[in-house]
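# Report on the structure
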Amino acid sequence: MIFLRLIATNLSRHRIRSLISMAGIAFSVAAMLTVVTVLEGAVGMFSGILSNDSQIIVFERNVSDLFFSSVPEAAAQAIASWPMVEHADPVLFGIVSSAGQPIITCFGVTASDARIAKAAWTAGKRSDFGQHADDVALGQRAAEFMAAKVGDRVPIGHGSFHVIGIVKTTNGFEDGGVFMPLDAAQKFFHKEGASSVITVKLWDKSQAAAFKNMVKAKYPNLIGLEDEEFNHSYSQFRILKATAWAVGACGLLLGGLGVANTMIMSVFTRIREIAILRVNGFSRTQVGGLIFGESALVSLLGAALGLTMGSGFLLVLKETPALHGYIDASLRPAVMLVVIALALMTGIAGALYPAVYAMRIRAVEALRFE
Amino acid sequence: MRTMEQESGSGRVVLCAEGVWKSYDDGAVTVLKGVDMEVSAGQTVALCGPSGCGKSTLLHLFGGLDEADRGRIVVNGAEVNRHGDLLRLLRREVGFVFQLHNLIPDLTLEENCLIPTVAAGTPRAMARARLGELAERTGLSHRLGHRIQKLSGGERQRTALCRALMNRPRILLADEPTGSLDEQTSEVVLELLLDLAAGEGVTLLMATHDRGLAARCDRMVEMHDGRIHEPAYA
Ligand SMILES: Nc1ncnc2c1ncn2[C@@H]1O[C@H](COP(=O)(O)OP(=O)(O)O)[C@@H](O)[C@H]1O
Ligand SMILES: [Mg+2]
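Throughout, residues of each chain are indexed from 1 in the direction in which the sequence is written. Each chain is given a letter, starting from A, and each ligand a number, starting from 1, according to the order in which they appear as written. With the structure being a predicted model, the display of local features is reserved for residues of pLDDT at least 70 and the display and counting of side-chain atom pairs for 80 or more, all residues being used for whole-chain, interface and lining totals. Each side-chain value is derived from all of the structure's non-hydrogen atoms; neither hydrogens nor water enter the calculation.

### A few points about the overall build of chain B
- For the purposes of this entry, the term helix denotes a DSSP run of H or I that reaches at least four residues, the term strand denotes a run of E that reaches at least two, and both are numbered from the N terminus. What chain B contains, in helices and strands, is eight helices and 10 strands.
- Radius of gyration here uses only the C-alpha atoms, and the compact-globule reference equals 2.2 Å multiplied by the residue count raised to the power 0.38. The C-alpha radius of gyration computed for chain B amounts to 17 Å, which stays within 12% of the reference 17 Å derived for 234 residues, consistent with globular compactness.
- Seen through its C-alpha atoms, chain B measures out along the principal axes to roughly 45 × 40 × 40 Å.
- The buried share among the 234 residues of chain B stands at 56%.
- By element, 49% of the accessible surface of chain B is carried by carbon and sulfur atoms, the whole surface being about 10000 Å². Working definition: with a 1.4 Å probe on protein chains only, accessible area under 20% of the residue-type maximum means buried, over 50% means exposed, and in between means partly exposed. The protein chains shown are the only cover counted for residues, whose accessible areas, like all others here, come from Shrake-Rupley with a 1.4 Å probe.

### Examining the overall build of chain A
- Helix and strand counts for chain A stand at 15 helices and 12 strands.
- The C-alpha radius of gyration computed for chain A amounts to 29 Å, which surpasses the reference 21 Å derived for 370 residues by more than 25%, pointing to a less compact arrangement than a globule.
- Counting only C-alpha atoms, chain A reaches 95 × 50 × 30 Å along its principal axes.
- Counting only residues that meet the buried cut, chain A has 49% of its 370 residues in that class.
- Only carbon and sulfur atoms are counted for the fraction: they give 65% of the accessible area of chain A, which is about 16500 Å².
- His is not counted, nor are the chain ends; Lys and Arg add positive charge and Asp and Glu add negative charge. To locate a charge, take NZ of a lysine, CZ of an arginine, CG of an aspartate or CD of a glutamate. Averaged over its 31 positive side-chain charges, chain A has a centre that lies 14 Å from the centre of its 28 negative ones.

### Structural notes on the sheet that holds strand E5 (residues 78-79) of chain B
Residue and element names in this part refer to chain B.
- Here the rule is simple: two strands pair whenever DSSP picks up at least two bridges between them. Spatial ordering of the open sheet is given by E2-E1-E4-E5, a layout of four strands whose pairing is antiparallel. The sheet is open, and its two edges are formed by strand E2 (29-40) and E5, each paired on a single side.
- Looking at chain direction, strand E4 (residues 70-75) and E5 are connected through two bridges and run antiparallel. Following the sheet pairing, Val74 is matched in E5 by Glu79.

### Brief notes about empty space enclosed by the protein
- The pocket and cavity definitions rest on a 1 Å grid over protein atoms only: a 1.4 Å probe that fits but cannot leave marks a cavity, an open set with protein on both sides within 12 Å along at least five of seven lines marks a pocket, and residues lining either have an atom within 4 Å of a point. Grid points are joined across faces, edges and corners, and a volume is the space filled by probe spheres set on the points. Taken as a whole and judged by the stated rule, the model has one cavity of 30 Å³ or more.
- Taken as a whole, the largest cavity encloses approximately 130 Å³ of empty space.
- In this structure, the largest cavity is lined by A:Val279, A:Asn280, B:Leu90, B:Arg91, B:Val94, B:Gly95, B:Phe96, B:Phe98, B:Pro116, B:Arg163, B:Ala164 and B:Asn167.
- Elements that contribute at least two residues to the lining of the largest cavity include exactly helix H3 (86-93), strand E6 (94-97) and helix H6 (153-165) of chain B.
- Top element by residues in the lining of the largest cavity is E6(B). It accounts for three residues.

### Some points on helix H3 (residues 73-80) of chain A
All names here are of chain A.
- For H3, the full list of buried residues reads Ala75, Ala76 and Ile79. Along the axis of H3, the buried residues cluster in a sector spanning 100 degrees; they form a single face. Seen from the buried face of H3, the exposed residues on the opposite side, beyond 90 degrees, are Ala74 and Gln77.
- What makes two residues a contact is simply this: any of their non-hydrogen atoms within 4.5 Å. Those residues of H3 that are buried lie in contact with strand E2 (71-72), strand E3 (85-98), strand E11 (197-202), helix H8 (208-218) and strand E12 (222-226). Throughout, the arc means that of the directions going from the helix axis to the C-beta atoms.

### Focus: the domain arrangement of chain A
- Where each domain begins and ends is defined by an automated method or by a domain database. Partitioning chain A into domains gives domain 1 (2-46 + 237-367) and domain 2 (62-220).
- A separation of 46 Å is found between the C-alpha centroids of domain 1 of chain A and domain 2 of chain A.

### Considerations on the nonpolar core
- The definition of a nonpolar core used throughout is a set of buried Ala, Val, Leu, Ile, Met, Phe, Trp, Tyr and Cys residues joined through side-chain atoms within 4.5 Å. The biggest cluster of nonpolar side chains holds 109 residues, and the ones touching the most others in it are B:Met37 and B:Phe62.
- In this structure B:Met37 touches B:Leu15, B:Cys16, B:Ala17, B:Val45, B:Leu58, B:Phe62, B:Leu205, B:Val221 and B:Ile228, once residues within four positions along its chain are discounted.
- Of all hydrophobic cores here, the second largest spans 27 residues; its members include A:Met45, A:Phe93, A:Val197 and A:Leu225.

So, in structure tokens, the structure goes:
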């Protein structure tokens, strides 16, 4: 109780200083939370595209980016006929830009693909897909930003396409994307006879290992990975996640320097008080606890403030029309815990030198002069 | 000296210094040059001597706030400098009153007094009861919730006295406890100090350069040239 009183008293003695160091932690926590949540959300969405009604993804071995992967159509057909396979769908990814919309993801898919066959069609007829080479279905958000209705012609990249349907999905990339018949997409992106990946669903998931071995044996330059395996090993995901955490960590480092500065001031201006505690029986450990407690409190309050700010910021991003569907603002408890723990660790690290200094104060000497 | 103690009927030595040396600034200033001294249980002893002669230094050694260079310091039968448990000494055996009250100005009287009990891990209820008792006897009961900044010099020193006695030490070390007070207030605080010491059966060693105050104690010793001299009693 006195411990808390001593900490609170000291924080309130220098309100502005305390608030500034709290704000430092808060901003870095907010930044970390936002960046990590947005990027992990994006990664989650992207892997959601791949795992849509499938368990295994087959792509070209040793490519760094799925957009560069090339899988022969013959392989897709052969794999679809393997006995353990329920369905195998070739998907070709492409990116184009159109007026006012720098990035539109294109999916070259077959009519039987779950993205077409099982999606909710809000306009147009599912059965029309794949009838003509210049027919496309639009994700709902893509339809919104292109201001397109069924029957319209829309310019996409260097071509012009006829909208035959609008598809509603919960995935941000798909919702802002364009679905083309596979062969049309192959022509459009100059990848005749190839797809980027094959997404595969097995009758029985326990045959995954056997399936992967068979891919390896029959197509040495292809690789099959289960969805979770893919999410862990795909280097683009790893780079994105690592970047997110690194950006956050840099922020926290700055916040930690703020705390360190505050705590150094806090100790230097309180040498007499610490000496009084010492001559009244406080041990070095108790004095250290006081300093660490103070910085931990600052960090935790800062972290709480930062989580609030970060959540607010994510909500704003989520509601921003241009980003609609791309932001997955759901806060993951694990991320929140890690962020709080990192903030706490930063605070404690920042208090290391001040605490050691405080513990070394020689009480009688400090009290010799008024 | 022996006979004096035996006459006063106490006997057991609670503070003892034997050939104690202490210097500062890496030996540049030698303050204590072989101090020999004993204080028996229940005695009130005045440690006299001019300013700068080393009274505070000796009290600090007895209180475990500092360590001697040479010699033995024994408090309540346990040797201090080699035994080493200075904290226990400070928390349980001795109470300290300084010339400057050394209270934390932003905290209340009550909070200041509770500090030694927090350090020692005394249960809260017990600490509060003890504070109630001491505040009553020092006339501070109505001031418990006040910040130190709001208290007068005399009240501050009485607070310091309460704080020193919170953990029920058997020995009270007072370093010029009235040194920064005016004459009238000094008298009140000294009276209180002696009363409390007698009431609680506490052994008191008080440093002072004021012979008038020293005369109020059972016994008076002189510090001179780094050693203790026992003047002849009148
Ligand atoms: N920590 C210290 N460092 C250096 N010199 C000190 C220290 N403490 C005390 N002294 C010196 O030791 C001498 C005795 O001091 P002190 O014990 O405070 O005397 P008194 O209490 O009798 O006035 C003084 O000359 C003082 O300046
Ligand atoms: Mg002195």
